[in-house]
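# Observations on the model geometry
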Amino acid sequence: CYFGVTVGRVANRIAQGRFTLESTGTSNGTNTSNSSSNTQECTYALDVNNDPNHLHGGIHGFHARLWESRMLEGGGVEFSRTSNDGEEGYPGTVRVSVTYRLESPTNTNTSTSTGVAGTRVAVSITVRAQLIGRKPTP
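Definitions and cut-offs
- Residues numbered from 1 in each chain as written.
- Predicted model: local features only at pLDDT ≥ 70, side-chain atom pairs only at ≥ 80, totals over all residues.
- Heavy atoms only, no water.
- Helix = DSSP H or I, 4+ residues; strand = E, 2+ residues; numbered from the N terminus.
- Pairing = 2+ DSSP bridges.
- Axes fitted to C-alpha atoms, helices over the stretch in contact; angles between N-to-C directions.
- Buried < 20%, exposed > 50% of the residue type's maximum accessible area, 1.4 Å probe, protein only.
- Phe/Tyr/Trp six-rings, centres within 6.5 Å; stacked < 30°, edge-to-face > 60°.
- Salt bridge = Lys/Arg side-chain N within 4 Å of Asp/Glu carboxyl O.

### Notes on the environment of Glu-41
Its location among the elements puts Glu-41 in strand β5 (residues 40–45). Separated by 18 residues in the primary sequence, Glu-41 and Ser-23 have C-alpha atoms spaced 5.9 Å apart.

Printed below as a string of structure tokens:
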């Protein structure tokens, strides 16, 4: 069910739908202060969609979102979107883009990039591309 999509914010399972990040700023997680420094650990609770775990960004992960698109010079298309702070329970705002280029009738080049501003985030994106075609007729 995840073939042909971009999976994220985190591709794979997060055990029990929870993870912890060290943070120096504000967050929407549960905070545990560290008195010896200016940092705190924040635990984030995510939707459980693969009982008992959180799988591939959740019920409304990247695979279920509308992306902006633009054609690229030389052939190809770029899809992009912004995942705002708190989306599916994740901290921080992340800008994501995925580029597809058809290099030959049988070879596709795919690349991803992310941009993060101002806070620690959990990001692990994968593209599960499945292009089906046939050999060109001479």
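From this point, things continue past the structure.
### Some words on the environment of Gly-89
Checked against the element boundaries, Gly-89 lands in the loop between β8 (77–83) and β9 (94–104). Expressed as a C-alpha distance, the spacing of Gly-89 and Leu-46, which sit 43 residues apart in the sequence, is 5.0 Å.

### Quick word on the sheet that holds strand β10 (residues 107–116)
The strand order across the open sheet built from 4 strands is β7-β8-β9-β10, with neighbouring strands paired in antiparallel fashion. The sheet is open, and its two edges are formed by β7 (68–71) and β10, each paired on a single side. Direction aside, neighbouring strands of the sheet carry axes that sit 20 degrees apart on average. Judged from the 7 bridges that link them, β8 and β9 form a sheet pairing that is antiparallel. Of the residues in β9, the one forming a bridge with Glu-78 is Thr-99.

### Overview of the pairing of β8
Counting buried positions along β8 gives 5 out of 7 residues, so the element sits mostly inside the fold. Pairing of β7 with β8, which is carried by 4 bridges, proceeds in the antiparallel orientation. Across the sheet, Met-71 pairs through a bridge with Val-77, a residue of β8. Joining the antiparallel neighbours β7 and β8 is a turn of 5 residues, in which Gly-74 adopts a positive phi near 80 degrees.

### Observations concerning the pairing of β9
Examined bridge by bridge, β9 and β10 share 10 bridges and lie antiparallel to one another. Within β10, the residue paired with Tyr-100 across the bridge is Thr-110.

### Considerations on the packing of aromatic side chains
Tallying each qualifying case throughout the model produces 4 aromatic pairs. Their ring planes at 25 degrees and their centres at 5.2 Å tell us that Phe-19 and Tyr-44 sit as a pair that is stacked. A residue pair is termed long-range when its members are at least 10 positions apart, and Phe-19 in strand β3 (residues 18–23) and Tyr-44 in strand β5 qualify at 25 residues. In this structure Phe-19 comes out as buried when scored by relative accessible area, which is 12%. Among the aromatic residues, ring-to-ring pairing joins Phe-19, Tyr-44 and Tyr-90 into one connected group.

### Considering the pattern of salt bridges
If the charged atoms of two oppositely charged side chains come close together, the side chains can form a pair. Applying the stated criterion across every chain yields a total of 4 salt bridges. A salt bridge links Arg-65 to Glu-88, with the nearest nitrogen and oxygen atoms 3.9 Å apart. In this pair, Arg-65 sits in the loop between β6 (54–55) and β7 while Glu-88 sits in the loop between β8 and β9, placing the two residues 23 residues apart along the sequence. Under the relative-accessibility criterion, Glu-88 is labelled buried at 11%. Residue Arg-95 pairs with Glu-68 through a salt bridge whose shortest N-O separation is 3.7 Å. Placement of Arg-95 in strand β9 and of Glu-68 in strand β7 is noted, with a sequence separation of 27 residues between them. Of the residues examined, Arg-95 reaches a relative accessible area of 35% and is grouped as partly exposed.

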